[in-house]
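This is what each chain is made of:
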Amino acid sequence: MLHLCLYLTSYLSCYLCGDWTGNNIQLHNLFMFCFSNAFFVLIYGISVLAVKGTSCKMSRYKEMVLIVQGIIWISGIILASGTCPARVWKKIPLAGKLFSGITSETAVLSVKGCAEKCTEAVNCKSFGFNTASKKCYLYDVLIWAGGLSADEADVVYYWALKDRCPTNLGYTQDSSGSTCAKLFSDVKTWEDAMKECDQHDGHLFLVDAPFKKDLILNLTQNSSSTYTYLGATDGNIEGDWKWLNGVTIPIASPSEWIPGRPDNYGNSQHCMAFKKESGSSGLDDRDCADPSPFICEIPMNEG
Ligand SMILES: [Ca+2]
């Protein structure tokens, strides 16, 4: 019985230490904690068998074992809730569809279970959870609005957030620490630019908050190019502009578009660029095949 309790304690403590923070799901990195618990239980089990400790009366030996177990458990919780690195997923506004490109499909009990599946999977960058059927869909890219074919479904999506901005690759963080971005001055098509960003677990830059307008000006201040690709497209439904995370982009004036845009010129402009011009900088729609510099952004854990 005692033996069973120790197993349950280990399992339960691992489960309970997973945490919710608003729209984000946070799972603590409990590997070492769980490993130490599991290792302890194993040693304990072998010891019990070795001394044939089947008596109902608790021996001094068992008391010591329980005390040590308690110390490991408590210190593990302190470690997990404090200093251990965590995996964090951000719920994105994109919802209501099931996108193709699924690498794994399983049934889970809750969205948290889906986050755990994504943690276990190699290269999982985002996941979808069907709130009706409780199906869990894993993706090895950050799932994005407009890119992949999609069917109507009750699916919500989460992006894996990074703990660290890769400054060694030339990325910089803004003063708030919430945005990590880099201007790439070599020119690429919009789709190839997306692939480049994906290699760093990121996406093309989003201007889904007012403060990010200033960041674009900072990032492009030394660029000699007129156009810089950003993370938005109306490739699926003409005129339906969304940032990659599903946030709708207003078109009616006043807006961040330069006057008269988007105009879908030549019926072939479905990718967003920032157009830098003296006096009239702003958003512009571009032919996705026209090579341009671009800005990548790494979704960061602001906590
Ligand atoms: Ca268009």
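Residues numbered from 1 in each chain as written. Predicted model: local features only at pLDDT ≥ 70, side-chain atom pairs only at ≥ 80, totals over all residues. Heavy atoms only, no water.

Regarding the overall build of the chain
Broken down by element type, the chain carries 6 helices and 15 strands. Expressed as a percentage of its 303 residues, the buried residues of the chain come to 41%. In the form shown here, the chain has an accessible surface area of approximately 15900 Å², with 58% of it arising from carbon and sulfur atoms. (Helix = DSSP H or I, 4+ residues; strand = E, 2+ residues; numbered from the N terminus. Buried < 20%, exposed > 50% of the residue type's maximum accessible area, 1.4 Å probe, protein only. Areas by Shrake-Rupley, 256 points an atom, 1.4 Å probe, with all protein chains shown as cover.)

A closer look at the coordination of the calcium ion
D234 (OD), D234 (OD), E238 (OE), E238 (OE), N264 (OD1), Q269 (O) and H270 (ND1) make up the full set of protein donors to the calcium ion, lying at 2.3 to 2.8 Å. Binding-site remark: the calcium ion is held by donors from one chain whose sequence spacing is D-x3-E-x25-N-x4-Q-H. Accessibility expressed as a relative area gives 13% for Q269, which makes it buried. (Donors = N, O, S within 2.8 Å, 3.2 Å for Na, K, Ca; no water.)

Let's talk about the state of the cysteines
Summed over all chains, the structure comprises 5 disulfides. Two residues share a disulfide in this structure: C165 and C180, whose sulfurs sit 2.1 Å from each other. In this structure, the disulfide formed by C165 and C180 twists by about 80 degrees around the S-S bond and is classed as right-handed. You can see C165 sitting in the loop between β7 (150–161) and β8 (172–173) and its partner C180 sitting in strand β9 (residues 179–188), a full 15 residues away along the chain. For the residue pair C165 and C180, the accessibility class agrees, reading buried in each case. Between the sulfur atoms of C271 and its disulfide partner C288 the distance amounts to 2.1 Å. One quick way to see it: the torsion about the S-S bond of C271 and C288 is about 95 degrees, and its sign makes the bridge right-handed. Taken together, the positions of C271 in strand β13 (residues 271–275) and C288 in the loop between β14 (282–286) and β15 (292–299) put the pair 17 residues apart, joining distant regions of the chain. (Disulfide = S-S within 2.5 Å.)

Quick notes on the side chain of N264
Its place among the elements puts N264 in the loop between β12 (242–243) and β13. Assessed through its relative accessible area of 13%, N264 is described here as buried. A polar atom in the side chain of N264 sits 3.2 Å from the backbone nitrogen of Q269. At 3.5 Å, the side chain of N264 and the side chain of H270 are in polar contact. For N264, the residues in contact, after removing those within four places along its chain, are E238, Q269, H270 and D285. (Polar contact = N/O pair within 3.5 Å; in protein donor to acceptor, adjacent residues only side chain to side chain. Contact = heavy atoms within 4.5 Å.)

Observations regarding the side chain of H200
With respect to the element layout, H200 can be found in the loop between α5 (190–199) and β10 (203–204). In this structure the side chain of H200 is engaged in a polar contact, spanning 2.7 Å, whose partner is the side chain of Y171. Beyond its immediate sequence surroundings of up to four residues, H200 is in contact with L169, Y171, F184 and I298.

What about the environment of Y158?
Considering the arrangement of structural elements, one finds Y158 in strand β7. Y158 gets classed as buried once you look at its relative accessible area, which sits at 5%. For the pair Y158 and G128, spaced 30 residues apart in the sequence, the C-alpha separation amounts to 6.5 Å.

Structural notes on the nonpolar core
By size, the foremost hydrophobic cluster in this structure holds 48 residues, and its most contacted members are F205, L230, W243 and M272. Apart from the residues within four sequence positions on either side, F205 is in contact with T179, A181, K212, L215, I216, L219, L230, G231, W243, I295 and E297. Residues W89, V108, F127 and L138 belong to the second largest nonpolar core, which totals 16 residues. (Core = buried A, V, L, I, M, F, W, Y, C linked by side-chain atoms within 4.5 Å.)

Remarks on the pairing of β9
Two elements, β8 and β9, share 2 bridges in a ladder whose sense is antiparallel. Residue pairing across strands places T172 opposite A181, the latter belonging to β9. As consecutive antiparallel partners, β8 and β9 are separated by 5 residues, and within that stretch G177 has a phi angle of approximately 80 degrees, a positive value. (Pairing = 2+ DSSP bridges.)

What to know about the confidence of the model for the chain
Of the residues in the chain, 79% have a pLDDT of 70 or more, and the chain-wide mean is 84. No element of the chain has a lower mean pLDDT than strand β1 (residues 19–21), which averages 47, and none a higher one than β10, which averages 98. Every residue in residues 13–21 scores below 50 in pLDDT, and together they form 21 contacts with partners more than four places removed in sequence or on other chains. (pLDDT = per-residue confidence, 0-100.)

A short note on helix α6 (residues 211–220)
Every buried residue belonging to α6 is among K212, L215, I216, L219 and T220, and all of these are buried. With its buried residues spanning 115 degrees around the axis, α6 presents them on a single face. Residues of α6 that are buried sit in contact with β8, β9, β11 (227–233), β13 and β15. (Arc of directions from axis to C-beta.)

Brief notes about the pairing of β15
Most of β15 is tucked away: 8 of the 8 residues are buried. Examined bridge by bridge, β9 and β15 share 7 bridges and lie antiparallel to one another. Within β15, the position partnered with F184 by the bridge is F294. Note that β10 and β15 share 2 bridges and pair antiparallel. Bridged to H203 within β15 is E297.

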